[in-house]
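Commentary on secondary and tertiary structure
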Amino acid sequence: MGHAPKADAAIELEREAGYSWLDEKMFAGVPARVMVPRIIFIVAFVAWVAFGLVMQLSASSYTGMQAGVGANYEGLQQIRYACIGLLLLLVVTLPSRPMWETIVERICPVLLLLFTFLVIFVHFFGETSGGSTRWINISGFSFQPSEFAKPFVIVCSALIVAKSTTEHSIPAPIAILFYVAAVCVPCMFILVEPDTGTVVIILVAALTVLLFSDLQPRSMALLIALVVVGAVFAIPHLFGSGSYTSTRVLNWQDPWRDVFGDSRQAAMGIIALSRGGMLGCGLGASTLKLGILSQMNSDYVLATVGEEIGFVGICLLLAIVVAFVGAGIAIANNAHNKRDALIALGCTMLIAAQAALNAAGVFGVIPLSGKPFPFLSNGGSSLLVSFGIVGLILRVSIESGQHNSSLAAARSFRVYDGADAAPRPHPRKRTGKRQLFKVVDGKKPTSQTPPAVLGASAPAQDCEWGRAFREGERSRAPQGSRVSSYRSSKLDNRAGSRTRQSSDHRGGSRDGSCDSSRRAERPGRKDF
């Protein structure tokens, strides 16, 4: 008889959840609780990407014609980036389990160090656009190191927290130092660019990982205090007179203060949303994208969506986002270990925080952050990173499925009758009675082997070893207790029955003594 092994941690989780893995419903060889969120996640992801590509083809048509490269040039460029992102997603999702462990444990920390160095490098050799220095241009290809650093910050923070709280391989003080270095050092240099939106997104995801990490309250309070102190020192730099961030705050407070100047974007975004109404003016029929609303295919693409397909279209998009985020959280909840759960949760929060930050800025709830809407705004760096983040979440789901699908073998295990020349399988049947079985290991009895595991080949229980064994069983419970007396009576009854059986078969006496002379005559038997 055999069945697939199951990790102790997974057993405890299932006990806490209140269900048995033997009764678990399967879907395509994977537990339904793992497969259903994965399917919802993939459907929402595909719908989100398709929605974004269609809106890019519409929103960027005027920009392409104005640049003389064709109305569909930027839309097709976005499709090319999506194809590259799909390859990146497959690279992250499909490796074997040892390769996945290598990626998380070794490659991600190295890449975090690399992109942290590039974030520092961008201050000296980066390109400035819109009042911030965020881009590095290599042979005509521009990218933002801060965008690529986001997922590695979350993976490394989840790795550090899991090693400290679950594996206990890193002491808490050392884990705090590593966590601060992994999260705060990149954020400090990103903040100087300035890129407040990316810092907010990283901190939201990192703090979510921290809150669900089972870290000791003292360590968690210390980390939160460090974040608060850092924010206090950063506020004067961010909101100083005439700074990049202070200008955006003023435009948020009064979008109409300078309609033909700094506040033009905020004012035109509000007009585009109001013009769309309930159903919009039609796909591709936007007028504000004709040079009136700049960045209509990047930061303000949501305003273009509201103008062309109206309030209904925005609600449809937000419903897709909610389904995506909910499925990501469910994937994190079903992860088979703490590290993968924190990775999936942190990556989901990266996407959710970025989408919420962009939408709130376009709707005028908060100052515009300048962060693109995931899978919807134009930009290769953001799209590639978003595909990579989705790959990490899907990989966690695949790991959960592989871990749990091995348990399906236990649903159809077989017991073979050793007395038959040709083993006959006996399928396990669901009955109300508990069926017991005996395991015989075939080893010769030794003085260290309990007779109970040797079945019928063991000597009688009232031998010297058996008496010592029973006395040890009695001593496990307090003297005089009901448990102790119950054990003693059971052991005595069992010993008496086995003594009578052995006496009947070997001709021994019925007074409870062991016939050592007869056992000594038999070859291959040892007296205890």
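Residues numbered from 1 in each chain as written. Predicted model: local features only at pLDDT ≥ 70, side-chain atom pairs only at ≥ 80, totals over all residues. Heavy atoms only, no water.

A few points about the environment of asparagine 334
Note the following rule: Segments assigned H or I by DSSP are reported as helices when at least four residues long, segments assigned E as strands when at least two residues long, and all are numbered from the N terminus. Note on contacts: a residue pair is in contact if any heavy atoms of the two residues lie within 4.5 Å.
If you trace the backbone, asparagine 334 turns up in the loop between helix 12 (301–333) and helix 13 (338–362). Expressed as a C-alpha distance, the spacing of asparagine 334 and glycine 401, which sit 67 residues apart in the sequence, is 9.2 Å. Ignoring sequence-local partners within four residues, the contact set of asparagine 334 consists of Arg33, Val34, Pro37 and Ser400.

Overview of helix 6 (residues 145–165)
Note the threshold: To estimate the expected span of a helix, subtract one from its residue number and multiply by 1.5 Å. Classification of residues uses two cut-offs on accessible area relative to the type maximum, computed with a 1.4 Å probe and protein chains only: under 20% is buried, over 50% is exposed, and between them is partly exposed.
The end-to-end C-alpha distance of helix 6, which contains 21 residues, comes to 30 Å, matching closely the 30 Å that a straight helix rising 1.5 Å per residue would cover. Among the 21 residues of helix 6, 21 are classified as buried, and the element is accordingly described as predominantly covered.

Quick word on the environment of phenylalanine 363
Here phenylalanine 363 is to be found in the loop between helix 13 and helix 14 (380–405). We classify phenylalanine 363 as partly exposed; its relative accessible area is 35%. It is 8.3 Å that separates the C-alpha atoms of phenylalanine 363 and alanine 303, two residues lying 60 residues apart in sequence. Aside from chain neighbours lying at most four places away, what touches phenylalanine 363 is Leu273, Leu302 and Ile314.

Some points on the side chain of lysine 371
Selection rule: Polar contacts, as used here, are pairs of N or O atoms within 3.5 Å; protein pairs need one atom able to donate a hydrogen and one able to accept it. Residues neighboring in sequence count only if both atoms are side-chain atoms.
Mapped onto the fold, lysine 371 is located in the loop between helix 13 and helix 14. For lysine 371, a relative accessible area of 1% translates into the label buried. A polar contact of 2.7 Å, which involves the side chain of lysine 371, links it to the side chain of threonine 198.

Structural notes on unusual backbone geometry
One non-glycine residue, phenylalanine 375, lies in positive phi territory at about 65 degrees. Following the sequence through the fold, phenylalanine 375 ends up in the loop between helix 13 and helix 14. With relative accessibility at 4%, the residue phenylalanine 375 sits in the buried group.

Things to note about the pattern of salt bridges
Here is the rule we go by: Any Lys or Arg side-chain nitrogen located within 4 Å of an Asp or Glu carboxyl oxygen qualifies as a salt bridge.
All chains considered together, the criterion is met by eleven salt bridges. Among the charged side chains, a salt-bridge network with shared partners connects Glu101, Glu105, Lys163, Arg339 and Asp340.

Keep in mind that these numbers describe shape and distance, not what the molecule does.
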